[in-house]
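This is what each chain is made of:
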Amino acid sequence: MSQINIRSVKASEADLKERVVAIKRVAKVVKGGRRFSFSAIVVVGDSNGVVGYGLGKANEVTDAITKGIEDAKKNLIKVPVLKATVPHEILGKYSGGFVLLKPAAAGTGVIAGGAMRAVLESAGIKDVLAKSKGSSNPHNVVKATFDALLKMRAPHTVAHQRGVALTKVFNG
């Protein structure tokens, strides 16, 4: 992650669960032919509002995944989760990838595509409506989802900033 985020957190190694989002074989052309290596994007989370992603590159798949997990553990963020959903609607963007996240009623489940689903489930969001627009490249979708999650504002902090009651934030 090239950006510095304000909500970076430290989580214990034990509660983090890792999910491999994508593994890609890449080739470098050398004098004797092609040299293959692997690139893996991995998401880790504790299903309780802490999530991170990482990219690992190596000559073997297992090494690439291990490097991705280590990178993801260095880039953890805290996500506001309200009643197992997102607090408000938000649009995230990274390069050509756009992601729309909407709160959903209890029991809806995670309505989201591949790369986005891994991030949201790792963050502990159980009910959400999500749409990926633009690029379907897993790298861009994961980073756009993280952009949206970083833009999220917790309802109690919004209430405190506005100087109103928490119920007033939702009811206008």
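Residues numbered from 1 in each chain as written. Predicted model: local features only at pLDDT ≥ 70, side-chain atom pairs only at ≥ 80, totals over all residues. Heavy atoms only, no water.

### Regarding the packing of aromatic side chains
Evaluation of the coordinates by the stated rule reveals one aromatic pair. The ring of phenylalanine 36 has arginine 25 sitting right over it, with the charged end atom 3.9 Å from the ring centre. (Phe/Tyr/Trp six-rings, centres within 6.5 Å; stacked < 30°, edge-to-face > 60°. Lys NZ or Arg CZ within 6 Å of the ring centre and 35° of its normal.)

### What about the nonpolar core?
The biggest cluster of nonpolar side chains holds 28 residues, and the ones touching the most others in it are Val51, Leu101, Leu120, Ile125 and Leu149. Looking at which element gives the most residues to this core, the answer is helix H3 (residues 138–151), with six residues. Once you skip the residues sitting within four places of it in the chain, leucine 120 turns out to touch Leu101, Val110, Ala112, Ile125, Val128, Ala130, Thr145 and Leu149. Formed by 11 residues, the second largest nonpolar core is a distinct cluster that contains Val50, Ala64, Ile69 and Leu76. (Core = buried A, V, L, I, M, F, W, Y, C linked by side-chain atoms within 4.5 Å. Buried < 20%, exposed > 50% of the residue type's maximum accessible area, 1.4 Å probe, protein only. Helix = DSSP H or I, 4+ residues; strand = E, 2+ residues; numbered from the N terminus. Contact = heavy atoms within 4.5 Å.)

### Observations regarding H3
A rise of 1.5 Å per residue sets the reference length of H3, with its 14 residues, at 20 Å; its end C-alpha atoms lie 20 Å apart and thus fit the reference within 8%. The N-cap of H3, judged by a side-chain oxygen 3.0 Å from the amide nitrogen of histidine 139 a few residues on, is asparagine 137. (Expected span 1.5 Å × (residues − 1). Polar contact = N/O pair within 3.5 Å; in protein donor to acceptor, adjacent residues only side chain to side chain.)

### A few points about the packing of helix H2 (residues 114–123) against H3
At a minimum axis distance of 8 Å, the contact between H2 and H3 shows a crossing angle of 40 degrees. The angle between H2 and H3 places the two elements in the oblique class. Two packed elements cross with a definite hand, and for H2 against H3 that hand is right-handed. In this structure, H2 contributes Ala115, Met116, Val119 and Leu120 to the contact, and H3 contributes Pro138, Val141, Val142, Thr145, Phe146 and Leu149. (Axes fitted to C-alpha atoms, helices over the stretch in contact; angles between N-to-C directions. Parallel < 35°, antiparallel > 145°, perpendicular 65-115°, else oblique. Left-handed = near helix turned anticlockwise from the far one by under 90°.)

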